[in-house]
Amino acid sequence: MCRRGAGREVRLAVREVGAPTRQGGRMSKEEEYDPIAYWRRRAERHISEGIGVVTSGSSPFVSRVIHRLEERGLKRAIAGIPLQGRVLLDAGCGIGRWFPLLEGAGGRVVGCDVVPLLLTECRRRRPGVPVTAGDVRSLPFRDSVFDVVLTVKVLQCIPRADQPSAIGELCRVLRPGGYLLLMEAMGRAKEGDTGRGSRHIFPNRPEEWIEMARRGGAYCLGWFGVDYMPVDRGLEIIRRAIYRLLHPLGSPKGAYSNDRSDTALQGAWRHLNNGYLI
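Residues numbered from 1 in each chain as written. Predicted model: local features only at pLDDT ≥ 70, side-chain atom pairs only at ≥ 80, totals over all residues. Heavy atoms only, no water.

**Some words on the overall build of the protein chain**
We count it as follows: Secondary structure elements are defined from DSSP: runs of H or I of at least 4 residues count as helices, runs of E of at least 2 residues count as strands, and each element is numbered from the N terminus. Three labels apply to residues, based on accessible area from a 1.4 Å probe with only protein chains included: buried if under 20% of the type maximum, exposed if over 50%, partly exposed otherwise in between. Between two residues, a contact is recorded if the distance between any of their heavy atoms is within 4.5 Å. Residue exposure ignores everything except the shown protein chains as possible cover, and the areas themselves are Shrake-Rupley values with a 1.4 Å probe.
From N to C terminus, the protein chain includes 9 helices and 8 strands. The proportion of buried residues among the 278 residues of the protein chain is 51%. Nonlocal contacts in the protein chain, meaning residues at least 24 apart in sequence, comprise 72% of its contacts between residues at least 6 apart. Roughly 13700 Å² of accessible area belongs to the protein chain as shown, and the carbon and sulfur atoms make up 53% of that amount.

**As for the pairing of strand E2 (residues 87–91)**
What counts here: Two strands qualify as a pair provided that DSSP identifies no fewer than 2 bridges between them. Whether a crossover is right-handed comes down to one check: with the strands pointing away from the viewer, does the path from the first strand over the helix to the second run clockwise; if it does, it is right-handed.
For E2, the buried fraction is high: 5 of the 5 residues fall into the buried class. Burial along E2 is two-sided: the residues Val87, Leu89 and Ala91 and Leu88 and Asp90 are all buried. As judged from the 5 bridges shared by E2 and strand E3 (residues 108–113), these two strands associate in the parallel manner. The residue bridging aspartate 90 from the neighbouring strand is glycine 111, located in E3. Considered for its hand, the β-α-β crossover made up of E2, helix H4 (residues 99–104) and E3 is right-handed. Pairing of E2 with strand E5 (residues 146–152), which is carried by 3 bridges, proceeds in the parallel orientation.

**Some details on the pattern of salt bridges**
Just so we agree on the cut-off: We define a salt bridge as a side-chain nitrogen of Lys or Arg found within 4 Å of a carboxyl oxygen belonging to Asp or Glu.
Counted by the stated rule, this structure contains 13 salt bridges. Glutamate 70 serves as the salt-bridge partner of arginine 97, at 2.8 Å between the closest nitrogen and oxygen. Separated by 27 residues along the polypeptide, arginine 97 in the loop between E2 and H4 and glutamate 70 in helix H3 (residues 60–78) bring together distant segments of the chain. In this pair, the class of arginine 97 matches that of glutamate 70, namely buried. One salt bridge in this structure joins aspartate 147 and arginine 175, with 3.0 Å as the shortest N-O distance. Separated by 28 residues along the polypeptide, aspartate 147 in strand E5 and arginine 175 in strand E6 (residues 174–186) bring together distant segments of the chain.

**Some points on the packing of helix H6 (residues 163–172) against helix H7 (residues 206–215)**
So the rule is basically this: Every angle, taken between N-to-C directions, lies between 0 and 180 degrees, and every axis is a line fitted to C-alpha atoms, over only the stretch in contact when it is a helix. Each angle receives one of four descriptions, namely roughly parallel if under 35 degrees, roughly antiparallel if over 145, roughly perpendicular if within 65 to 115, and oblique otherwise. Crossing chirality is assigned from the near helix's rotation relative to the far helix, an anticlockwise turn below a right angle marking it left-handed and a clockwise turn marking it right-handed.
Axis separation between H6 and H7 bottoms out at 8 Å; the angle between their running directions is 50 degrees. Between H6 and H7, the angle is such that the two are oblique. For H6 against H7, the interelement crossing comes out right-handed. Where H6 approaches H7, its residues Gln163, Pro164, Ile167 and Cys171 are matched on the opposing element by Trp209, Met212 and Ala213.

**Focus on the packing of aromatic side chains**
Cut-off, in case you're wondering: Each aromatic pair joins two rings of Phe, Tyr and Trp (for Trp, the six-membered one) with centres within 6.5 Å, and gets the label stacked for planes under 30 degrees apart, edge-to-face for over 60, and tilted for any other angle. Whether a charge lies above a ring is judged from NZ of Lys or CZ of Arg, which has to be within 6 Å of the ring centre and within 35 degrees of the ring normal.
Applying the stated criterion across every chain, the model contains 4 aromatic pairs. Seen from their ring centres, tyrosine 38 and tryptophan 39 are 4.8 Å apart, and the 85 degrees between their planes marks the pair as edge-to-face. For the pair tyrosine 38 and tryptophan 39, one class covers both residues: buried. Three or more aromatic residues joined by ring pairs form one cluster here, namely Tyr33, Tyr38, Trp39 and Phe202. Above the ring of phenylalanine 224, the side-chain terminus of arginine 76 is found at 3.8 Å from the ring centroid.

**Some thoughts on the pairing of E3**
For a regular strand, side-chain orientation follows a simple rule: the groups alternate between the two sheet faces. Counting buried positions over the 6 residues of E3 gives 5, a clear majority of the element. In this sheet, strand E4 (residues 131–133) lies alongside E3 in parallel orientation, the contact comprising 3 bridges. Each bridged residue has a counterpart across the sheet, and for glycine 111 the counterpart in E4 is valine 131. Note on the crossover from E3 through helix H5 (residues 116–125) to E4: the handedness is right-handed.

**Structural notes on the side chain of serine 165**
Heads up, the rule is: Here a polar contact is taken to be a pair of N or O atoms separated by no more than 3.5 Å, where protein atoms must pair a possible hydrogen donor with a possible acceptor and residues adjacent in sequence count only if both atoms sit in side chains.
Within the secondary structure, serine 165 sits in helix H6. Engagement of the side chain of serine 165 in a polar contact is seen with the backbone oxygen of aspartate 162, the distance being 3.0 Å.

**As for the nonpolar core**
Selection criterion: Joining through side-chain atoms within 4.5 Å is the link that ties buried Ala, Val, Leu, Ile, Met, Phe, Trp, Tyr and Cys residues into a set, and such a set is a nonpolar core.
In terms of nonpolar packing, the biggest core is built from 27 residues, with Leu89, Phe141, Phe146, Leu155, Ile167, Leu170 and Leu180 touching the most fellow members. For this core, the elements supplying multiple residues, two or more each, are E2, E3, E5, H6, E6 and H7. If we ignore the near neighbours within four places in the chain, the residues touching leucine 89 are Val110, Gly111, Cys112, Leu139, Phe141, Phe146, Val148, Val149, Leu150 and Val173. Formed by 24 residues, the second largest nonpolar core is a distinct cluster that contains Ala77, Leu83, Leu101 and Leu119.

**As for the confidence of the model for the protein chain**
In plain terms, the rule: Every residue gets a pLDDT, meaning the predictor's confidence in that residue, from 0 to 100.
Of the residues in the protein chain, 67% have a pLDDT of 70 or more, and the chain-wide mean is 75. Confidence drops under a pLDDT of 50 for residues 191–197, and excluding neighbours within four residues, the segment shows 28 contacts in the predicted structure. pLDDT under 50 marks residues 251–278. Its contacts with residues more than four places away, or in other chains, come to 89 contacts.

Written as structure tokens, this is what we have:
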């Protein structure tokens, strides 16, 4: 949790997001990854599940468990913030799964997301909440308009080169004295590592997230971890074992399958400090 310093105008230049550039005739995995295109495709595949896109593809039970653990962490984070009557931005709101919690705490919620399909579903589910299209790297809002700005597993899904400018954008739209809440993946970032054994998750150490927020004009009030990877991994192992017992000859047509690879799951476990910063 960070707070923007009062009495200081903050504005970071937002890097223009265009076609990936080549280095030495080849593009790195991070350069090849287009977050907007990737998450639009993922939303099209999993919109019917009615959950967060980042946890989509898991079994409904696993997704519900993860959601509850995230919800517990978010409740802990907002417990010390006076949200009553405050204008709050949920940046990367998806289908609006956090709107009831935030409104229940008294916040006046505004949402934005880069995926049109998710916004359509969000408006259907939460017709009373204003939402708009917007990329966290270039938000469509004036300076200093929100009392609280929140991201839940959003910054971790954009390349590391864009993360500082994205946090700068979050600070830009935050009023002096406002609160910035980041619930993002923690992990060890090595040279050339694209993150968590995955091409679309880019974690950082807690001190690195905090330093990016500090450069945007905020100072850290505190942070804690919400580590559900052991739960996620354990439930997935049990689910796969049961599935193999029920289908020893292979997957029948139309059967459920998880779209995450074993390699990605094993890569996540290589991070000793896995979990989420908030």
